[in-house]
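Remarks on the overall topology
In case you want the letters, here they are:
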Amino acid sequence: MSREQYKELFEKLPFQPIADTPTVRYYTDWRLFEERLGIEYAEKEDAVPSEIESIGYDVVLGREARINRRVRGASITEASYDSDPKPLSLMKVSNKMQAFHAYRWNAGIVVSVEEGGSIDRLSILSGSGEGYTGHHIVVRTGRESKSRMILVDYSGESDGLKTFFVEVDMGQGSSLDLDFLALHAPSKPVYTILYTRLGEASTLNVRLLSSGGMMSKLEIATIAEGAKSGVDVKASDISRAGTRSDVVLTALHKGPETEGNISARGVALGDGYLAQRALARIEPSATWASSEVESHVTIIGEKARGYAVPMLEIHTGDVVKAGHEASVTTIQEDHLFYLRSRGLSREEIEKLLITGTLTFSGVIDNLNLSPQVLFRL
Amino acid sequence: MSGLEVRNLHVRVAGKKVLRGVDLKVEYGEVHAIMGPNGSGKSSLAYTIMGRETFEVEDGDILLDGESLLGLSTEERAMKGLFMALQDPPQIPGVRLSTIMIAAINKRLGSTDLTRVRDPSIVKRMYKLAEELGLTRDILQRELNVGFSGGEKKRSELLQAFIVDPKIVILDEPDSGLDIDGVRKVSEMIRGLTDQGKGVLLITHYARMFKYLDPDRVSVLIDGKIALSGGPEVAKLVEDKGYAYIRSQYMARRG
Ligand SMILES: Nc1ncnc2c1ncn2[C@@H]1O[C@H](COP(=O)(O)OP(=O)(O)OP(=O)(O)O)[C@@H](O)[C@H]1O
Ligand SMILES: [Mg+2]
């Protein structure tokens, strides 16, 4: 589709096709996006905190795509509406904000990992600026290739709006190991999507660390299409005071004998809001699939709110294993007494719980970050 | 005096009177066993000593080395040298067993960063003690009490007691849910605590631990009062005659 066609779609589509559930209509406050749809493209880029900068990047997406280094085993080129593969050919545009992104994104890249190739480390920073920033990444992993990538989705202090979509098409027998860090200051709504399709016997490992901003909608959708493909997603999500996050982690099983594992830990502080939804769907074609989803949210702030909606839909008679688990808990008196009896104050206990949640997914350790970096925004 | 002293303690929880004038002492290097039937107030006594806010002290005092603890919070009491191993510790997802031990040690070393390991020998010690207690190494990396078996919970509580090195250790039924070998092991380890000069308040239903561990004193708590107190012979009497007998003797004495 052309820019023009996406624009028409944008005008027609609603923000959300159907209400999330009968009781809570929207986990995402789309109004905050709606108010900013008319803004200009960002000119000046937001500064990135030094600890995030020091990760070091092969590609930086800002006003345009800056490819700093050649990475052995892959070709990296600037994306356009008719690059190969085409942006948005994998993922179908299904709501107003996705269509908005589709017709307005301003910088992007296409990464092709060679057949049998191997990438030790490809790190990409997607930044932001005052105004609208739209970034798009398409990744295609060749057959039997092995890749390790780092994606940082950063949204800084200036006013604006950001959309950041990543599409990954995984070739047969390929593997991708991804550390995904989403860090948003409370000044813009951000819509982030990681959409992955898995070919036969491919494996995907995603570790997510997210700290939302004004309104962060973050979706990780995995489509296990090829037989025997496997997905493992571990997420640590935090909503600080004054922020709202709607994190949706999905495993869709289409191929037979596919495996899915999603486990998420979240924490909501102050008056923060965290919806951390883990969903799995096993389609009729996904015979002998196994799928487990788990979402736990701890509420620490007195005015904080959390949702840990798990969903597991099974549409085949033959599953190997299917399980789901979810909880939203406040710090209970018995937990508090127990930890205090070890000599820790309430404040220290809260810190430990926060750190525990943040380190759960492994991103902090892998990228050598201090948990404090999430609080400096 | 040195050690822990409880004087004429009256306690209420959720409107219900659970302790009605308890007196007891735990001196350093000794095991004072508290026995008593279900619901007699044993755990309430432990919680009150530890300063759990839901247990309201109506009268009496709790002293450590002659100083009252009543005005202190739970964590302050812990920092003064009290440790309580819970009868049934809660599951805490998001916090690892090793994390809580490192935090507890760091706090006692006066560090503001509770998560960083300052001295690697501490980790070695954790593993060594875990092994001695019959725990596998991987348990240290698991979330606190999440999916722990009954026996693993008891051992992990005792492990923490050793690691934080308190003056007084209150053990609330450290033997329940343990197999025979576990009871022996844990009993020997408790003796290890007093050998280090700590005072132990040992709460238990049964005398079975006393095969491996001679208590220095034994008190029987019934309906929130100490009905009988003495040496190991008291435990023998409980074993032989049961709590109903001790209660009736106590009632008779009081007229
Ligand atoms: N939080 C509470 N709210 C209401 N009642 C309580 C509470 N805690 C304890 N009780 C009551 O106080 C009494 C003493 O309880 P406690 O747990 O101290 O007994 P125990 O001697 O430890 O018993 P067990 O041997 O079964 O562990 C019981 O009747 C119990 O139901
Ligand atoms: Mg009890």
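Criteria and thresholds
Residues numbered from 1 in each chain as written. Chains lettered and ligands numbered in written order. Predicted model: local features only at pLDDT ≥ 70, side-chain atom pairs only at ≥ 80, totals over all residues. Heavy atoms only, no water. Helix = DSSP H or I, 4+ residues; strand = E, 2+ residues; numbered from the N terminus. Rg over C-alpha atoms; globule rule 2.2 N^0.38 Å. Buried < 20%, exposed > 50% of the residue type's maximum accessible area, 1.4 Å probe, protein only. Near = heavy atom within 4 Å. Polar contact = N/O pair within 3.5 Å; in protein donor to acceptor, adjacent residues only side chain to side chain. Areas by Shrake-Rupley, 256 points an atom, 1.4 Å probe, with all protein chains shown as cover. Nonpolar A, V, L, I, M, F, W, Y, C, P; charged D, E, K, R; others polar. Donors = N, O, S within 2.8 Å, 3.2 Å for Na, K, Ca; no water. Contact = heavy atoms within 4.5 Å. Buried area = accessible area lost by both parts, 1.4 Å probe. Salt bridge = Lys/Arg side-chain N within 4 Å of Asp/Glu carboxyl O. Axes fitted to C-alpha atoms, helices over the stretch in contact; angles between N-to-C directions. Parallel < 35°, antiparallel > 145°, perpendicular 65-115°, else oblique. Left-handed = near helix turned anticlockwise from the far one by under 90°. Pairing = 2+ DSSP bridges. Core = buried A, V, L, I, M, F, W, Y, C linked by side-chain atoms within 4.5 Å. Expected span 1.5 Å × (residues − 1). Phe/Tyr/Trp six-rings, centres within 6.5 Å; stacked < 30°, edge-to-face > 60°.

The helix and strand inventory of chain A stands at 7 helices and 20 strands. Expected size for 377 residues packed as a compact globule is a radius of gyration near 21 Å; at 20 Å, chain A falls within 12% of this value. In terms of principal-axis extent, the alpha carbons of chain A reach across some 60 × 55 × 40 Å. Split into buried and exposed, the 377 residues of chain A put 62% on the buried side.

Another aspect to go through is the site of ligand 1. Residues and elements named next belong to chain B. Around ligand 1, the surrounding shell holds 16 residues, and the nearest of these are Lys16, Asn38, Gly39, Lys42 and Ser44. A distance of 2.8 Å is found between an oxygen atom of ligand 1 and a side-chain nitrogen or oxygen belonging to Asn38. Backbone polar atom of Ser40 to an oxygen atom of ligand 1: 3.2 Å apart, as the coordinates give it. Considered on its own, ligand 1 offers 640 Å² of accessible surface; in the complex 66% of this is hidden by protein. Within the residue set of the shell around ligand 1, elements represented by two or more residues are strand 2 (16-26) and helix 1 (42-50). Examining the composition of the shell around ligand 1, we find that 3 residues originate from one element, helix 1, more than from any other. Class assignment for the residues of the shell around ligand 1 results in 5 nonpolar, 8 polar and 3 charged.

Binding of the magnesium ion (ligand 2) to the protein goes through B:Ser43 (OG) and B:Gln87 (OE1), at separations of 2.0 to 2.2 Å. One end of the pair, B:Ser43, is in helix 1; the other, B:Gln87, is in the loop between strand 6 (82-85) and strand 7 (92-96), and 44 residues separate them in sequence.

This part covers the interface of chain B and chain A. One widely used convention gives an interface's size as the accessible area the parts lose upon coming together. Across the contact, 34 residues belong to chain B and 20 residues belong to chain A. Summed over both sides, the interface between chain B and chain A buries roughly 2300 Å², with carbon and sulfur atoms accounting for 62% of that surface. Taken together, the connections running from chain B to chain A amount to 6 salt bridges. Note that A:Arg265 and B:Glu143 form a salt bridge whose closest N and O atoms lie 2.4 Å from each other. Counting the contacts that link chain B with chain A gives 13 residue pairs in polar contact (both at pLDDT 80 or more).

Residue and element names in this part refer to chain B. Two elements in contact, helix 3 (residues 97-108) and helix 5 (residues 150-164), have axes whose closest approach is 10 Å; the angle formed by their N-to-C orientations is 25°. One finds that helix 3 runs roughly parallel with respect to helix 5. By crossing handedness, the relation of helix 3 to helix 5 is classed as right-handed. Contacts between helix 3 and helix 5 pair Leu97, Ile100, Met101, Ala104, Ile105 and Arg108 from the former with Ser156, Leu159, Gln160, Ile163 and Val164 from the latter. Looking at the contact of helix 3 with helix 5 residue by residue, the class counts come to 8 nonpolar, 2 polar and 1 charged.

All names here are of chain A. If you trace the 10 strands from one edge of the open sheet to the other, you get 2-1-5-7-9-11-13-15-17-20, paired in mixed fashion. Single-partner strands in this sheet number two, and they are strand 2 (65-67) and strand 20 (319-330). Going from strand to strand, the sheet's axes swing by 10° on average, the running direction of each strand aside. Relative to strand 13 (residues 230-239), helix 6 (residues 346-359) is tilted by about 150°, and along the sheet it contacts strand 11 (203-211), strand 13 and strand 15 (259-268).

The subject of this paragraph is the nonpolar core. Within the largest apolar cluster, 119 residues are counted, with the highest numbers of intra-cluster contacts made by A:Leu181, B:Leu159 and B:Ile190. Looking at this core, the element that brings in the most residues is helix 3 of chain B, giving 7 residues. Leaving out residues up to four positions away in the same chain, A:Leu181 has contacts with A:Ile52, A:Ile55, A:Leu151, A:Val152, A:Asp153, A:Leu209, A:Val363, A:Leu367 and A:Leu369. Among the nonpolar cores identified, the runner-up in size contains 48 residues, and A:Ile119, A:Ile124, A:Met149 and A:Val293 belong to it.

So, on to the packing of helix 1 (residues 3-12) of chain A against helix 4 (residues 96-104) of chain A. Residues and elements named next belong to chain A. Contact pair helix 1 / helix 4: the axes reach a minimum separation of 8 Å and the direction vectors enclose 160°. Taken together, the axis directions place helix 1 and helix 4 in an arrangement best described as roughly antiparallel. Crossing of helix 1 over helix 4 shows left-handed handedness. In this structure, helix 1 contributes Arg3, Tyr6, Lys7, Leu9, Phe10 and Glu11 to the contact, and helix 4 contributes Lys96, Ala99, Phe100, Ala102, Tyr103 and Arg104. Split by residue class, the contact of helix 1 with helix 4 holds 7 nonpolar, no polar and 5 charged.

Our focus in this paragraph is unusual backbone geometry. Of all residues except glycine, most have a negative phi; of all peptide bonds, most are trans. A cis amide bond links A:Asp84 with the next residue in sequence, A:Pro85, at an omega value of -5°. In this structure, B:Asp165 is a non-glycine residue whose phi angle is positive, near 55°. Mapped onto the secondary structure, B:Asp165 falls in the loop between helix 5 and strand 9 (168-172).

So, about the pairing of strand 4 (residues 55-64) of chain B. Residue and element names in this part refer to chain B. With 8 bridges joining them, strand 1 (residues 4-13) and strand 4 adopt antiparallel strand pairing. In the strand pairing of strand 4, Arg12 is matched with Glu56. Between the end of strand 4 and the start of strand 5 (residues 67-68), which pair antiparallel, lie 2 residues, with Asp65 showing a positive phi angle near 50°.

Attention now moves to helix 5 of chain B. All names here are of chain B. Helix length check: helix 5, at 15 residues, gives a terminal C-alpha distance of 22 Å against a target of 21 Å (1.5 Å per residue), a fit within 8%. Burial analysis of helix 5 places 13 of its 15 residues in the buried class, the great majority of the element. Asp165 lies just past helix 5 and shows a positive phi near 55°.

Moving on, we get to the sheet that holds strand 1 of chain B. Strands belonging to one sheet form pairs held by backbone hydrogen bonds; the direction of such a pair is parallel or antiparallel. Residues and elements named next belong to chain B. Ordered by their spatial adjacency, 4 strands build an open sheet running 2-1-4-5, and the pairing between neighbours is antiparallel. Whereas interior strands pair on both sides, the edge strands pair on one side only; in this sheet they are strand 2 and strand 5. As paired elements, strand 1 and strand 2 share 8 bridges and run antiparallel to each other. Opposite Val11, over in strand 2, you have Leu19 as the bridge partner.

In total, this model carries 16 aromatic pairs over all chains according to the counting rule given. Here the aromatic rings of A:Phe164 and A:Phe180 are separated by 6.5 Å at their centres, their planes lie at 55°, and the arrangement is tilted. Of the two residues, A:Phe164 is situated in strand 8 (residues 160-170) and A:Phe180 in strand 9 (residues 175-184); the sequence distance between them amounts to 16 residues. Like A:Phe164, the residue A:Phe180 is buried in the burial classification. Aromatic pair A:Phe337 and B:Tyr47: ring centres 5.4 Å apart, planes at 80°, arrangement edge-to-face. Within this pair, whereas A:Phe337 is found in helix 5 (residues 333-340), its partner B:Tyr47 is found in helix 1, the two belonging to separate chains. For the pair A:Phe337 and B:Tyr47, one class covers both residues: buried. Of the aromatic side chains, those joined through ring pairs into one cluster are A:Phe10, A:Tyr41, A:Phe100, A:Tyr103 and A:Tyr132.

Purely geometric stuff here, so don't read any function into it on its own.
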